[in-house]
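Structural overview
Listed below are the residues making up each chain.
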Amino acid sequence: MPPKCLFCQHPKYKNTPYEDTVFNNKTFKYIQCTNCGLVYVDPLPNADDLTKMYPVEYQGALVTKVTGFYDNLFEQINKTEGNYTTILDYGCGGGRFVVEAINKGYSVTGTEYNPDLVANLQTSFPTASFITIDDFFKTDTKYDVIFLNNVLEHLTNPREIMLLLKDRLTPNGVFLLEGPIENNFTLTKYFRKSIFFLRKNLFNKKASHVPTHVLYSNRKNQELFFKSLGLKTLYYHIYEGHWPFPASYNPADSLMRKTMFLIADTSVRLSKRFSFWGNYFVYIGRLEE
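Given the structure is predicted, the values throughout are model-derived calculations rather than measurements. (Residues numbered from 1 in each chain as written. Predicted model: local features only at pLDDT ≥ 70, side-chain atom pairs only at ≥ 80, totals over all residues. Heavy atoms only, no water.)

Here's the deal with the overall build of the protein chain
- When helices and strands are counted, the protein chain shows nine helices and twelve strands.
- For a compact globule of 289 residues, the expected C-alpha radius of gyration is about 19 Å, and the protein chain comes in at 19 Å, within 12% of that figure.
- Contacts in the protein chain between residues at least 24 apart in sequence constitute 74% of all its contacts with a sequence separation of at least 6.
- When the accessible surface of the protein chain is split by element, carbon and sulfur atoms take 52% of a total near 14,400 Å².
- Distance between charge centroids for the protein chain: 9 Å, based on 32 positive and 28 negative side chains. (Helix = DSSP H or I, 4+ residues; strand = E, 2+ residues; numbered from the N terminus. Rg over C-alpha atoms; globule rule 2.2 N^0.38 Å. Contact = heavy atoms within 4.5 Å. Areas by Shrake-Rupley, 256 points an atom, 1.4 Å probe, with all protein chains shown as cover. Lys, Arg positive; Asp, Glu negative; His and termini not counted. Charge placed at Lys NZ, Arg CZ, Asp CG, Glu CD.)

Structural notes on the environment of Leu234
- With respect to the helices, strands and loops of the structure, Leu234 is situated in strand S11 (residues 231-239).
- When residues no more than four places from it in sequence are discounted, the contact partners of Leu234 are Thr80, Val174, Ile284, Gly285 and Arg286.

Re the packing of helix H6 (residues 158-166) against helix H8 (residues 219-228)
- Contact geometry of H6 with H8 gives a least axis separation of 11 Å together with a crossing angle of 45°. Between H6 and H8, the crossing angle belongs to the class labelled oblique. Remark: the crossing between H6 and H8 carries right-handed chirality. Facing Pro158, Arg159 and Met162 of H6, the residues of H8 in contact are Phe225, Phe226 and Ser228.
- The residue inventory of the contact of H6 with H8, partitioned by class, reads four nonpolar, one polar and one charged. (Axes fitted to C-alpha atoms, helices over the stretch in contact; angles between N-to-C directions. Parallel < 35°, antiparallel > 145°, perpendicular 65-115°, else oblique. Left-handed = near helix turned anticlockwise from the far one by under 90°. Nonpolar A, V, L, I, M, F, W, Y, C, P; charged D, E, K, R; others polar.)

Considering the sheet that holds strand S6 (residues 107-112)
- Taking strand neighbours across the sheet as the criterion, the seven strands line up as S7-S6-S5-S8-S9-S12-S11 in an open arrangement whose pairing is mixed. In this open sheet, the two edge strands, each paired with only one partner strand, are strand S7 (129-132) and S11. Neighbour-to-neighbour, the strand axes of the sheet open up by a mean angle of 15°, direction not taken into account.
- In this structure, strand S5 (residues 86-90) lies alongside strand S8 (residues 143-149), joined through three bridges in parallel fashion. Note on S8: the bridge partner recorded for Asp89 is Phe147.
- In the packing of helix H4 (residues 115-124) onto the sheet, the strands contacted are S6 and S7, and the crossing angle to S7 comes to about 175°. (Pairing = 2+ DSSP bridges.)

Quick look at a nonpolar patch on the surface
- A cluster of nonpolar side chains, contributed by Ile195, Phe197, Leu198, Leu202 and Phe203, occupies part of the molecular surface with about 500 Å² of accessible area.
- With respect to the element layout, Leu198 can be found in helix H7 (residues 187-201). (Patch = residues over 30% accessible without salt bridge, like charges linked within 9 Å, V, L, I, M, F, W, Y side chains within 5 Å. Salt bridge = Lys/Arg side-chain N within 4 Å of Asp/Glu carboxyl O.)

Re helix H3 (residues 96-103)
- Phe97, Val98, Val99, Glu100 and Ala101 are the residues of H3 that are buried.
- The elements touched by buried residues of H3 are helix H2 (71-79), S5, S6, S7 and S8.
- Residue Gly105 follows H3 closely and has a positive phi angle near 95°. (Buried < 20%, exposed > 50% of the residue type's maximum accessible area, 1.4 Å probe, protein only.)

Things to note about the packing of H7 against helix H9 (residues 255-271)
- Following both chains from N to C, one finds H7 and H9 inclined at 145°, their axes separated by 8 Å at the closest point. Taking contact as the criterion, the partners of Leu187, Thr188 and Phe191 in H7 are, on H9, Met256, Met260, Ile263, Ala264, Thr266, Ser267 and Leu270.
- Looking at the contact of H7 with H9, its residues break down into seven nonpolar, three polar and no charged.

Let's talk about the packing of aromatic side chains
- Per the stated rule, a full pass over the model turns up 31 aromatic pairs.
- Considering the side-chain rings of Phe225 and Phe226, the 5.8 Å spacing of their centres and the 45° angle between planes classify their relative orientation as tilted. Accessibility classification places Phe225 together with Phe226 in one group, the buried group.
- Members of the aromatic cluster, connected to one another through ring pairs, are Phe7, Phe225, Phe226, Tyr236, Phe281 and Tyr283.
- Above the face of the Phe69 ring, Arg96 is positioned so that its terminal group lies 3.6 Å from the ring centre. (Phe/Tyr/Trp six-rings, centres within 6.5 Å; stacked < 30°, edge-to-face > 60°. Lys NZ or Arg CZ within 6 Å of the ring centre and 35° of its normal.)

Structure representation (structure tokens):
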């Protein structure tokens, strides 16, 4: 039996144009909640699937140099007028945010699923603290800022994880999340869904890649999800990038990829006129008083 909606727990669903993918000797289907519209995989990945989905090399090379990449995010944090000193980077990956937070003077803790990656991070960032996700939930430390970057879409139990993390916020602390919202409105999304529909329904095609993103959300069901957790929105911004299509025209090595770039580029340009249009989000929220 398919799992209930990962956001609203509604039991009913419908099929989607998103193509099935075969991984680890299983077929993962993308279904859609009939209540809030969240798209998510069925079945949900189990522990063995997750281990194979996210090996150490999935994160790529560790990022140890300050680039200022997250300066805008830190500016948004400062606008919330909190006297913040501690940050938890939940699912810290290769440390791209960690090195920036250390540079800003924060005391930083990072968590990751893979213990080998945790060991590599601790060696590379000796002034921060790192812990596996399993071990983290055996602690009770609280943090001023809890950051999730490209994490929400990977969670098989986002409501449970967010509620557990909510208990780790200091009284005036904030959540900071960012990542893709793949089922939000863009021209790129509708082009992809059309291709997926044709492949799935006319040619009976299945993909053979990792179901890396467990859920595809949109602006409406995200905002409802955060509100249902007892969070007050301080900042919410939608924008569009070319991903997953090519980011430039010249390196595109086929007519199809060049077409994909042109569609994505048109969508990105049009998105600047509409606040609801985009495939990435940034959210800052605080506990409701």
